[in-house]
Amino acid sequence: MMDYHKKLFQPIQIGRHKAQNRIEIAPAGAFLNNPDGSGNEKFRAYMKDISRSGAGIVTVGVSDINKQPLGGKVPWLANPGLISEYAEITEIIHLYGCLASIELVPVRQMLSPGFAVATQSSKEEIRELIDEYAKAADFCLKAGFDMIMIHGGHGNVPGMFFSEKYNKRNDEYGGSFENRCRFGEELLNAVRREVGDKLAIEYRISAEELTADGMGIEETLNYAKKIQDKIDLLHISRGLLEEDSLLPYIFSPVYFPRGLNLEAAKVFKKELSIPVSVVGGFNLDLAAEVVEQGDVDMVAMMRNMLADPLSIRKAKAGNSADIRPCVRCNTCINQTHSKMLGICCAVNPEIGRETWYSGIQSKTGKKKVVMVGGGPGNLEAARTAADRGHQVVILEKEKELGGALRMASAAEFKADLKKYLDWSVNTVMNHKNIRVCLNTNATANVIRGENPDAVFLGIGSKPVIPAFTAGKSGKVVWVGDVELKKAETGSDVIVVGAGFTGMEAALALAREGKKVRIIDMIPESRIGADGVHISIIGLKKLLLKAGVTFICEVKLEDVTAEGAIISRKDISRELLTCDTVVLSLGVHTDEKEVEALSHLVEETYILGDCSVKGGTLYNAVKMGHALAMDL
């Protein structure tokens, strides 16, 4: 465990302002504002929640500077009538000693093709756009912000003009390196003229665009050198938002290593005279390490703060074990960037929903609550109910808590999820208001014997395992047994089912040096269509790199001693010889067991795999928390 009381928690000067530590809450669109860009109680409560972190800088994300906004529930900075709304936000941020920053984005242009903006904009339109930036900066100054972030990375507008990929102009804004720098320089000069040094300026840049025709680190570094006298902090990221294949390098999923942008940031730190911040899958341990080593001056992060807004304060107080870990599932990013819905978190059910739960009191005093099953939904429900003073008993048939989450977190590359599982189990096992009964079959009599006021049924589900010719020979195994190392596979494996579980198992097997093929009935283009988009892209990339192949639009008809027999749309059949067939065909609930236990107590709740919404971690945790808050 890192010693957080060293450099990470030392103040740092950013322009004329001093940040209380080296941690920056990175900008993320929350999509909680009113449609006209004004604030509301939901947005204010969310900003208070993440500001409680005590970070050095808290950055409001995706704020529209356009005179004519496209709409959407993001802040709008071109309406002076809203200054008082955002003065309330800066007041909230300042309550906790944080610098208040905000990300300036011309949303209309950001959502337009890069070529159309950089190459086809008239000079008059360029001047108007620069003027919008300057006026937005003045708005922010009047609202009490300490900083602004100019988003020039990920293919945003300043990056469009700088990039040869998008900028094909033949006037003074295009062509040569000097000309492609012009837009950014004029933009920053205009902002400085408007606000002077009263606002610190942070500039986010993509060190590399990561495409064959995109900008590389050498030219981007030269650009940074040209603008460093106009800014106070350079913020390093990589990639382009419009290129789906690059999204995992911007929002690294659990399958990717942490700190993806660190090596690039170290180059900028070495060459520049201003402070350098880096973003990209950091946690507090890694942040402490890289700041202590002098690799960067600050570290920006967001997902950790969504998972536990108090994580910085807990770390500073020496209570790191109490921090609720982020699992890097990208549910938050999928909700906002992909769907433009209000922000949420798979492991923190209150983020973005603070107003739902504020001031809730128990309906009828303290209760005795029995949780049937120790999966993630019931663990969240137990923790929530116990924190509110209820007495909780968990009846778990297995020898340990965790349910299906133990299988899901078994692979080496799921270390973040395993860390969350350990945290969830430990907080429950050590809670004074929770009694855990392992190796206990929760029959009707056992439940009645506890004399509960409420019952939570999270009994899990059973895997779908059809009968096959070679079903009892060891040729066919269930994916859960493979992931938990309860079943062995040969060197040539077919995985049946291209959901997250099947693909993750395939990746783990391929990394053991095995030949792996995945078969499924759906077209390859539909694989992962209902999942978290960014994580699916990243997982597919790693599967391709590991040599895993997909055979799609086929049906598994039988498994024989030779291998898997599949049928195609034209009814033709084919034998795929292999050593082992791994079944990942989903699960089904035991409806009879649910029915038998659902009428013992009037106040009975069904959650997890048994519920209407199914058993994703997000759904289970969200439901467990909400139902426990309703006791």
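What you see is a predicted model, and the numbers here were worked out from it, not measured in a lab.

Undergrad: Help me out: how do you make sense of the overall build of the protein chain in this one?
TA: A tally of regular secondary structure across the protein chain gives 24 helices and 25 strands. Against the compact-globule benchmark of 25 Å for 631 residues, the protein chain has a radius of gyration of 26 Å, which places it among compact chains. Along the first, second and third principal axes, the C-alpha set of the protein chain runs to 75 × 65 × 45 Å. Burial status across the protein chain gives 58% buried among its 631 residues. Long-range pairs, those at least 24 residues apart, make up 72% of the contacts in the protein chain with a sequence separation of at least 6. Carbon together with sulfur atoms contributes 49% to the accessible area of the protein chain, which is approximately 25500 Å² in total.

Undergrad: Would you mind going over a nonpolar patch on the surface with me for this structure?
TA: A cluster of nonpolar residues, Leu70, Leu111 and Met340, forms a patch on the protein surface that exposes about 300 Å² of accessible area. As for its position among the elements, leucine 111 is in the loop between helix H3 (107-110) and helix H4 (114-120).

Undergrad: I'm lost on the sheet that holds strand E3 (residues 23-25) in this one. Help?
TA: Pairing between the strands of a sheet comes from backbone hydrogen bonds, and it takes one of two forms, parallel or antiparallel. With respect to topology, eight strands assemble into a closed barrel ordered E3-E4-E5-E6-E7-E8-E9-E10, the strand pairing being parallel. Averaged over all adjacent pairs, the angle separating strand axes in this sheet is 25°, with direction ignored. The pairing of strand E5 (residues 99-105) with strand E6 (residues 147-151) spans two bridges and is classified as parallel. Note on E6: the bridge partner recorded for glutamate 103 is methionine 149. Its contacts with the sheet place helix H5 (residues 123-142) against E5 and E6, and it is angled at close to 155° to E5. Packed onto the sheet, helix H8 (residues 217-227) meets strand E7 (200-206) and strand E8 (233-237) and runs at close to 170° relative to E7.

Undergrad: Would you explain the nonpolar core in this entry?
TA: Within soluble globular proteins, side chains that are nonpolar tend to cluster in buried spots. Within the largest apolar cluster, 137 residues are counted, with the highest numbers of intra-cluster contacts made by Tyr46, Leu104, Tyr133, Ile148, Phe183, Leu234 and Ile236. Of the residues forming this core, the biggest block, nine residues, is contributed by H5. When neighbours within four sequence positions are excluded, isoleucine 236 is seen to be in contact with Ile205, Ala207, Asn261, Ala264, Ala265, Phe268, Val276, Ser277, Val278 and Val279. The next biggest cluster of nonpolar side chains, apart from the first, holds 30 residues, and it includes Tyr255, Ala487, Leu542 and Phe550.

Undergrad: How should the pairing of strand E23 (residues 580-583) be read in this particular structure?
TA: Every other side chain in a regular strand lies on the same face of the sheet, so the side chains alternate between the two faces. Side chains Thr580 and Val582 of E23 all project onto a buried face; the interleaved residues Val581 and Leu583 project onto the opposite face, where all are buried too. Sheet analysis places strand E16 (residues 476-478) next to E23, joined by three bridges and oriented parallel. Bridge pairing links valine 476 to valine 581 in E23. As judged from the four bridges shared by strand E17 (residues 492-496) and E23, these two strands associate in the parallel manner. Bridge assignment links isoleucine 494 to a residue of E23, and that residue is valine 581.

Undergrad: I'm lost on the side chain of asparagine 283 in this one. Help?
TA: When you line up the elements, asparagine 283 lands in the loop between strand E9 (276-278) and helix H11 (284-292). On the basis of relative accessible area, asparagine 283 is assigned to the buried category, the value being 17%. Separated by 2.9 Å, the side chain of asparagine 283 and the backbone nitrogen of leucine 286 make a polar contact. Non-local contacts of asparagine 283, meaning those with residues more than four positions away in its chain, are made with Arg258, Met301 and Asn304.

Undergrad: Can you walk me through the state of the cysteines in this structure?
TA: Among covalent bonds in proteins, the disulfide is the one between the sulfur atoms of two cysteines. If you walk through the whole model with that rule in mind, you get zero disulfides. Cysteine 326 carries a free sulfur, and the closest cysteine sulfur to it, the one in cysteine 332, is 6.6 Å from it. No disulfide involves cysteine 345; its nearest neighbouring cysteine sulfur is the one of cysteine 332, lying 6.5 Å away. You can call cysteine 345 buried: its relative accessible area is 11%.

Undergrad: It is not clear to me how the sheet that holds strand E20 (residues 555-559) should be interpreted in this structure. Could you clarify?
TA: Overall, antiparallel pairing links the three strands, which are arranged E20-E21-E22 in an open sheet. Edge positions in the sheet fall to E20 and strand E22 (573-577), since each of these pairs with one other strand and no more. Going from strand to strand, the sheet's axes swing by 30° on average, the running direction of each strand aside. Relative to E22, strand E21 (residues 563-567) runs antiparallel, the two sharing five bridges. Looking across to E22, one finds that alanine 564 is bridged to leucine 576.

Undergrad: Can you walk me through helix H14 (residues 331-338) in this structure?
TA: Along an α-helix, a turn takes 3.6 residues, which lines up residues three or four apart on a common side. Most of H14 is tucked away, with six of its eight residues classed as buried. When H14 is considered as a whole, its buried residues turn out to be Thr331, Cys332, Ile333, Asn334, Gln335 and Thr336. Of the surrounding secondary structure, the elements contacted by the buried residues of H14 are helix H12 (303-307), helix H22 (533-545) and helix H24 (617-629). Once H14 ends, the next one or two residues include methionine 340, with phi positive near 55°.

Undergrad: Which parts of the structure should I look at to understand the pairing of strand E19 (residues 549-552)?
TA: Bridging between strand E18 (residues 515-520) and E19 involves four bridges; their strand directions are parallel. Of the residues in E19, the one forming a bridge with arginine 517 is threonine 549. You can see the chain leave E18, run along H22 and come back into E19, and the turn it takes is right-handed.

Undergrad: Looking at this model, I keep getting lost on the environment of aspartate 36. Mind explaining?
TA: Relative to the helices and strands, aspartate 36 resides in the loop between E3 and helix H1 (41-51). In sequence terms aspartate 36 and cysteine 552 are 516 residues apart; their C-alpha atoms lie 45 Å from each other. Aside from chain neighbours lying at most four places away, what touches aspartate 36 is Trp76 and Leu82. At a separation of 2.6 Å, a polar atom in the side chain of aspartate 36 contacts the side chain of serine 38.

Undergrad: Could you clarify how one ought to interpret unusual backbone geometry in this entry?
TA: Apart from glycine, the bulk of residues carry a negative phi angle, and the bulk of peptide bonds sit in the trans form. The phi dihedral of arginine 328 falls on the positive side, at around 50°, and the residue is not glycine. On the basis of relative accessibility, which here comes to 4%, the residue arginine 328 falls in the buried class. Phi angles above zero are rare outside glycine, and glutamate 553 is one such case at about 60°. Positionally, glutamate 553 belongs in the loop between E19 and E20. Taking the relative accessible area as the measure of exposure, glutamate 553 reaches 32% and is therefore partly exposed.

Undergrad: I keep staring at the packing of H1 against helix H2 (residues 83-95) and nothing clicks. Help me out?
TA: When two helices pack together, their arrangement is given by the angle between the helix axes and the distance between those axes. Their axes nearest at 9 Å, the elements H1 and H2 cross at an angle of 25°. With respect to H2, the axis of H1 lies roughly parallel. Both H1 and H2 take part in a crossing whose hand is right-handed. Mapping the contact onto sequence places Phe43, Arg44, Met47, Lys48 and Ser51 in H1 and Glu85, Tyr86, Glu88, Ile89, Ile92 and Ile93 in H2. Looking at side-chain class alone, the contact of H1 with H2 contains six nonpolar, one polar and four charged residues.

Criteria and thresholds
Residues numbered from 1 in each chain as written. Predicted model: local features only at pLDDT ≥ 70, side-chain atom pairs only at ≥ 80, totals over all residues. Heavy atoms only, no water. Helix = DSSP H or I, 4+ residues; strand = E, 2+ residues; numbered from the N terminus. Rg over C-alpha atoms; globule rule 2.2 N^0.38 Å. Buried < 20%, exposed > 50% of the residue type's maximum accessible area, 1.4 Å probe, protein only. Contact = heavy atoms within 4.5 Å. Areas by Shrake-Rupley, 256 points an atom, 1.4 Å probe, with all protein chains shown as cover. Patch = residues over 30% accessible without salt bridge, like charges linked within 9 Å, V, L, I, M, F, W, Y side chains within 5 Å. Salt bridge = Lys/Arg side-chain N within 4 Å of Asp/Glu carboxyl O. Pairing = 2+ DSSP bridges. Axes fitted to C-alpha atoms, helices over the stretch in contact; angles between N-to-C directions. Core = buried A, V, L, I, M, F, W, Y, C linked by side-chain atoms within 4.5 Å. Polar contact = N/O pair within 3.5 Å; in protein donor to acceptor, adjacent residues only side chain to side chain. Disulfide = S-S within 2.5 Å. Right-handed = clockwise from strand over helix to strand, strands pointing away. Parallel < 35°, antiparallel > 145°, perpendicular 65-115°, else oblique. Left-handed = near helix turned anticlockwise from the far one by under 90°. Nonpolar A, V, L, I, M, F, W, Y, C, P; charged D, E, K, R; others polar.

No statement about biological role is implied by the geometric values presented.
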